[in-house]
Each structure stands twice: as structure tokens, then as C-alpha cells.
Amino acid sequence: MFRQKASSIIIILALVALMAVTGYAQDKKPYKVGAVFDITGKASWLGEPERNTAKMIEEEVNAKGGINGHPLQLIIEDNESDETKTVNAVNKLIEKDQVLAIIGPSQSGTTMAVVPIVEAAQVPLISCAAAEAIVNDPKTGKERKWVFKTPQKDSHAVMRIYEDMKSKGITKIAITTGTDGFGAQGRLQLKKYAEGMGITIVADETYAPGDTDMTPQLTKIKGTDAQAVVNWSIAAAQSIVPKNMRQLGMTIPLYQSHGFGNIKYAEAAGEAGEGIIFPAGRLLVAEKLPDDHPQKKVLVEYKKAYEAKYKEAVSTFGGHAHDALWIVIKALEKAGPDKAKIRDEIEKTTGFVGTGGIFNFSLNDHTGLTKDAFEMLTVKNGQFDLLK
Amino acid sequence: MNVSAILQYILSGITIGSIYAMVALGFNIIYSATDIINFAQGEFVMLGGMIMVSLVTGLKLPLWFAFPVAVLAVTLIGAIFERLCIHPLKKPTVLTLIIITIAGSILMKGGAMFAWGKEILSLPHFSSEKPILFFGATILPQVLWILGIITVAVALLALFFRITITGKAMRACAANRRAASLVGINVKRIVLFSFALSAMLGAIAGIIITPIALMSYDRGAMLALKGFGAAVLGGLGNPVGAVAAGFLIGVLESLGAGLISSHYKDAIALIVLLAVLFIKPSGLFGSGEARLKKF
């Protein structure tokens, strides 16, 4: 009896599946877009929200009838946060799946590994990683033809911090940075722009990413005449430095990088986290933006949809995938299944309102954002708030 | 260079050094019983901190109650790890055992990632968070807790080894395993004890450090590395040496960061470690005989 029932259910399911398949076949051919994210491994905290976001958008687009009637087929690959596996995944997407465009990877390192491949294969790629070398060839100083990215630039974060300091009359600062890629890159940018902005770095300290105590570095800083500390890291150090400063009785303001944009860091810092100033995309304060802010609608909609679907707090990293995929979709709408035309359309993108800012790509700018994409935020009563 | 800054460096060094000392002790206990380096030692520290956070902030248990529960839980994990992974081996060689501990460490780290997620977790301080002024340097009350608890733990451990039969049996095993088994000591049980005991030490270290250093699933490896450095510097198999070397590495790191340059902080500690090993391969306090037995 049970077996009969089960087999009849299977037959019905098979029929439904067949109908669905033939239904598609009658329709237009799907547009294939590849996505490579660091879903597992050490950068999974980047790749996971990006994967979730991309899947959510794929469903949304197809529920609304696809792109000009063509369903969007997203082929998602996990590179395990590993450069070699990223190369394999991208080769597979290009050779076997013949995708029209690729979004991802999540880290600067994994992206840099595949930049030469997409350039040679002439497939447009929109990275979700921040390093400027991704879009700009440091040797020639020119933008790479086939590569774009959606996260804001590190240098813009530095400039926003320095602007805020200038407005407060701060001219002498101390910097503490992690020795990982993010911290090292931040240290370079902080030093590069200091002089031009009239700021002197009086102490330059570093720590290893796994370090749990920065009191030696901060004691040294305490002995200088620094008027503020800038800490640049994506590790637990972001919560430990404020705690250590409090322990040492340091009352000068603490600035952190956009890496601080996860409320967990503020929670872990507890009371010591109050008053930290940092630049970040506006997703973290979506609801607190004035109603007439151009990004408010996009941000609130994305945040609500994501949090309802995945039952976890939205992160700016998922936002980078959101922006990348929508830019590709808009380009597909105009260009159709032609890689070179898609690239041209991406480069022509202007006034695209994303979660990271308002994108205006051009021949000489494949990041498309200005420093105004960053908002200066602070921690107030354990929550992120706009710095006033 | 003023005195209070130097005092601050030394205090910071002692705090972090005491944790290295605890990890180094854990390495020593297992090494004495089995000749192997337990690469999962750092994970015990991580698990101690993580379980404590869950008990205190999740289940809202009071600190004094959560502390022994967390220690017991990790001790059990250590014992279960030994029973499931080390004990069943028919022909245990040092190399396979070490590889097993590496696998165990990856497993525990992955399990912790699933259980607690990738975020960093915090724990309230045991008492006030208000720093105490001490000759111009500041010291957190939590640091006094750390130093106090570690002193008690090490003292109890020393008593355990001197007074109890099990402790004496463990020492006998460390001295000569074959002879110990000939006089009727159940060596396999001693191995179980050694894992449980070093898991316990790791858990204690993890719990007391979490209020000031926070904890996340991937913290174990770095602590294990530093603790291993301390164990080797002190001379493997020498508990007193391990504790002393732990403090030494902590203070060297801190002074190096403060007085020379924070860019070379880890290098300074490692250069000292290398230099000592070149001049005295058995470690600072190791006797000539107690070299790495099976390597």
C-alpha cells in the first residue's frame, strides 16, 4: 500500500519536473552567470552572506520573469578561501559552463589569482573584494579592461577618517595595524595620505592577527603626544584595543577602519566600545538614514528581505554581492548574451544605487564609488549610529 | 623611558605569559605520559572559553558555578578524545599519534565553528573592570584573578603529582614507561589521565583569559604555538621549566614590542627560543637526558 502510494507520488513528481523542464525549453534560453565565493574556509564570514544574497536575488529575478524573459541561471562555486581552487572554479565556469559574466571572489587574494584568467578569456568579472590592485594594474596605472569591483576603496576610508580629524583639530595621531593583508594595506594607505591631509603619525605600531593583548603597543602610544589612535584590523583586535585603552586610562578618541562594521565587535568591546568612530557603508544604519537619502530604499529593502529569509543580521559583505549581481543583471538587460557588450554596459553604468553607494563606472574608474560612499559612524548605547 | 611604562610592559607580559605557561604545562603532561606533542592543546583552551561564555551569557549561570562546569566539560572532552582516538590504536607510533592530535584539533575547531559561529565572544570580568593603579602602571582586577587561579592550579598539580597514587604513577610513567608497566601500573589508564588533566588545565586557562582577551573558534592554534615554544624553551618534560619559560616568553614579547618595535614582537621571542635551542638543545631547564625522546 505504502509502496504504491510512494511510487505514484514519484511519478507525479517526475511529471511535474518534466513539465517544468519543457516549460523552460519553450521559453528563452537561460542567461548563465558564474559566482565564485569564499563560502567555506578562513574567509567564510565573507563568502556566506554573499552566496545567500546572490541566491536570494536569483530567486527574485526569476519569480518576476527573468531578464527580458530569459531565466537567470546562477552557477555558484565555493573556492574554500583558496587561491588554487579559485583558479579551478573560474576555469570551470568559463570553459564548461560558458558563463556570460562572473561575480566574486570574496577576498583580494583569491580575486588577484584569477584576474589574469578573466582578462585573457575576456569574461567580465565584478569582484566583491576591496584591494585597489584588483581593478587597477599597478604596473601601468590603468584600469583593467574586464575587471570591476563593488566594495569601497581603502583609501577613501582613510580620507574620511582624516577629514573628520581635521574638523576636530586633530593633527598628531598614532596608528596600530594588524600584520595581516587588510591591516598591512591599511597601514600603507594611512601613511600615504597623512602628509597631504596635514596629519603627522607620531607612533606606528603593529600586532599579529591572533594577538590578544595590545597594552605594550598602547603604553608606548600613551607616552607620545598623539591626539587620536587609528586601529586598522579585521580581527578580534578591534574589540581588544578599546578595552586595553580603557584599562590604561587613555581618553583620546579611537578611530577604526570599515572592518569594524559588524555589531559583534562593538558588543564584545562592551562599554569600552562606546564612542569609537569609523567609516562604513550605509547598510549598517539603513533605518537611521533620513527618508530622502537616495540609498535608503535599496538598503532597507535588501536588509528586510535578507533578514526575513536567512534569520541572521545582514552584513555589508552580502551587500557587495548584491551590488555586483544587480549591475550584471542590468547590463544583461541591455546587452543580451554577449560578453563584450556586457562589459561595455557595465562600464557605462551610471547612477546605479547600490548598498555600497551610488556607482558611476567609467573607462578610468572600475570602482565607481567616491569617498562619499562611506558614512562616518559611531557606537552609541551599544548600537551603530550616524556620527553627528 | 620611564619606569611606569616598563612596569606596564612587564605586567602585560606576565599576564599573557601565564597563559602560555598553562598551555606549556598541558603539553608537558601529555608528553611525559606518551612522548607525543598534543597539537589539540590549544583547542582545549578555546573550548574552555567558549563553553564558559555559553554557560554564563546563554544559560545565565553564576560565574562560580559555571567555572567548574566548563572545566569538567572540557576535561570530559579531553578524556573522550583519548578514548575514541588515541586508545583504540593497536600499534601506536609517535608519528601517527601526533597526526591524530592534529586531526583532533581541526575537528574541534570545526565543531566549535558550527556550535558558536565565527564571531568573537566576550565574557564579563570576574569582578570589577576598574583598573587598579600600581606605581603608575595599570592592572585589571581580572589579571589578579588570572595570576591567583594559575598559582592555585599549579600548586594543586604539584601536590597531585607528589601525594596521590595516580600522580606518582604518572611520574613513574614519565620516568620510564616500560618499568612502570612492569611494576603493575596501567599505562593506558595513565595516558587517559594525562589527556583529561591537560584538557582541564587548558580549560582553566581559556576561562580566565576570555574576559580580557575575548575568544573565538580559531584562537587555539596560536596559543598552542606559543605554549609549545614555552614547553620547548623550558625543556620538554620539565613542568617548572615550562611555567618559567611561559612567563619569560610573555615578558620578552611585551618588552620587545614596547622597547624595540612591535613589528618584530613575535620575532624577538622566536629568536630567543632558537638561540637557546642552539646553545642548549634540551631547553633552559631540561636535563641532558630529557631530549626529545622519539624524534
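Residues numbered from 1 in each chain as written. Chains lettered and ligands numbered in written order. Predicted model: local features only at pLDDT ≥ 70, side-chain atom pairs only at ≥ 80, totals over all residues.

Asker: Help me out: how do you make sense of the overall build of chain A in this one?
Answerer: Scanning chain A for helices and strands turns up 12 helices and 14 strands. Once the C-alpha set of chain A is aligned to its principal axes, its extents read approximately 80 × 55 × 45 Å. Here chain A, with 388 residues, has 52% of them falling under the buried criterion. Sequence separation of 24 or more characterises 68% of the internal contacts of chain A that already satisfy a separation of 6 or more. (Helix = DSSP H or I, 4+ residues; strand = E, 2+ residues; numbered from the N terminus. Buried ≥ 20, exposed ≤ 12 C-beta atoms within 10 Å, placed from the backbone. Contact = placed C-beta atoms within 7 Å.)

Asker: Is there a simple way to think about the interface of chain A and chain B in this case?
Answerer: Interfaces are often sized by the accessible area lost when the parts come together. Contacts between the two partners involve 24 residues from chain A and, on the opposite side, 25 residues from chain B. The set of elements that each furnish at least two residues to the side of chain A that touches chain B consists of α2 (44-63), β7 (200-207), α7 (215-222), α8 (237-247) and α9 (263-269) of chain A. Taken together, the residues of the side of chain A that touches chain B sort by class into eight nonpolar, 12 polar and four charged. (Nonpolar A, V, L, I, M, F, W, Y, C, P; charged D, E, K, R; others polar.)

Asker: Mind showing me how you'd approach the sheet that holds strand β4 (residues 125-127) of chain A here?
Answerer: Within a sheet, neighbouring strands are paired by backbone hydrogen bonds and run either parallel or antiparallel to one another. All names here are of chain A. Taken in spatial order, the five strands make up an open sheet running β2-β1-β3-β4-β5, and their pairing is parallel. Here the strands that pair on one side only, and so sit at the sheet edges, are β2 (72-78) and β5 (147-149). Strand-to-strand twist in this sheet, taken as the mean axis angle between neighbours without regard to direction, amounts to 25 degrees. Here β4 pairs with β5 via three bridges, running parallel. (Pairing = 2+ DSSP bridges. Axes fitted to C-alpha atoms, helices over the stretch in contact; angles between N-to-C directions.)

Asker: Looking at this model, I keep getting lost on the domain arrangement of chain A. Mind explaining?
Answerer: Residue and element names in this part refer to chain A. If you check the domain split of chain A, you get domain 1 (28-152 + 299-369) and domain 2 (154-280). For domain 1 versus domain 2, the separation of C-alpha centres amounts to 31 Å. Counting residues at the interface gives nine residues for domain 1, matched by 10 residues for domain 2. Class assignment for the residues of the side of domain 1 that touches domain 2 results in three nonpolar, five polar and one charged. (Domains from an automatic or database assignment.)

Asker: What am I meant to see in the pairing of strand β1 (residues 31-37) of chain A here?
Answerer: Every regular strand shows the same layout, with side chains that alternate between the two sheet faces. Residues and elements named next belong to chain A. Most of β1 sits out of view: six of its seven residues are buried. Here β1 runs beside β2; their pairing, made up of seven bridges, is parallel. Looking at β2, one finds that glycine 34 is bridged to isoleucine 75. This β-α-β element, β1 to α2 to β2, shows right-handed connectivity. (Right-handed = clockwise from strand over helix to strand, strands pointing away.)

Asker: Explanation requested: the environment of B:Leu197 in the structure shown.
Answerer: All names here are of chain B. Topologically, leucine 197 is positioned in helix α8 (residues 187-213). By the C-beta count within 10 Å, which is 24 here, leucine 197 ends up buried. For the pair leucine 197 and asparagine 2, spaced 195 residues apart in the sequence, the C-alpha separation amounts to 42 Å.

Asker: Would you mind going over the pairing of strand β13 (residues 375-380) of chain A with me for this structure?
Answerer: Residue and element names in this part refer to chain A. On β13, burial follows the alternation: Glu375, Leu377 and Val379 on one face are buried, whereas Met376, Thr378 and Lys380 on the facing-out side are not. As defined by bridge partners, strand β10 (residues 277-280) adjoins β13 across four bridges and the pair is classed as antiparallel. The residue bridging phenylalanine 278 from the neighbouring strand is leucine 377, located in β13. The pairing of β13 with strand β14 (residues 383-386) spans four bridges and is antiparallel. Residue valine 379 lies in a different strand from β14, and its bridge partner there is phenylalanine 384.

Asker: Would you mind going over the confidence of the model for chain B with me for this structure?
Answerer: Reading fine detail from the predicted coordinates is not recommended where pLDDT is low. Residue and element names in this part refer to chain B. Across chain B, the average pLDDT comes to 88, with 97% of residues at 70 or higher. In the model of chain B, helix α11 (residues 265-279) stands out as the element of lowest mean pLDDT, 84, in contrast to helix α2 (residues 41-58), which has the highest, 95. As a predicted assembly, this complex carries a pTM of 0.80 together with an ipTM value of 0.79. (pLDDT = per-residue confidence, 0-100.)

Asker: Could you clarify how one ought to interpret helix α10 (residues 296-310) of chain A in this entry?
Answerer: Given 3.6 residues per turn, any residue in an α-helix points the same way as the ones three and four places further on. All names here are of chain A. An ideal rise of 1.5 Å per residue puts 21 Å on 15 residues; α10 measures up with 21 Å between its terminal C-alpha atoms. For α10, the complete set of buried residues consists of Val298, Leu299, Tyr302 and Tyr306. Seen along its axis, α10 keeps its buried residues to an arc of 95 degrees; they face one direction. Exposed residues lying more than 90 degrees from the buried face of α10 are Glu301, Glu307 and Ala308. (Expected span 1.5 Å × (residues − 1). Arc of directions from axis to C-beta.)

Asker: Please clarify how α2(B) should be interpreted in this entry.
Answerer: Residues and elements named next belong to chain B. Between the first and last C-alpha of α2 there are 25 Å, a value that for 18 residues agrees with the 26 Å anticipated at 1.5 Å per step. The buried fraction of α2 is high, at 15 of 18 residues. Remark: lysine 60 follows α2 within two positions and exhibits a positive phi of approximately 60 degrees.

Asker: Even after reading the chapter, I still don't get the environment of A:Ser127, so can you show me in this structure?
Answerer: Residues and elements named next belong to chain A. By secondary structure assignment, the location of serine 127 is in strand β4. A tally of 30 C-beta atoms within 10 Å means that serine 127 is categorised as buried. A sequence separation of 21 residues divides serine 127 from phenylalanine 148, and the C-alpha atoms of the two residues are 6.2 Å apart. Setting aside residues no more than four positions away along its own chain, serine 127 makes contact with Gly104, Pro105, Thr111, Ile134, Val147 and Lys149.

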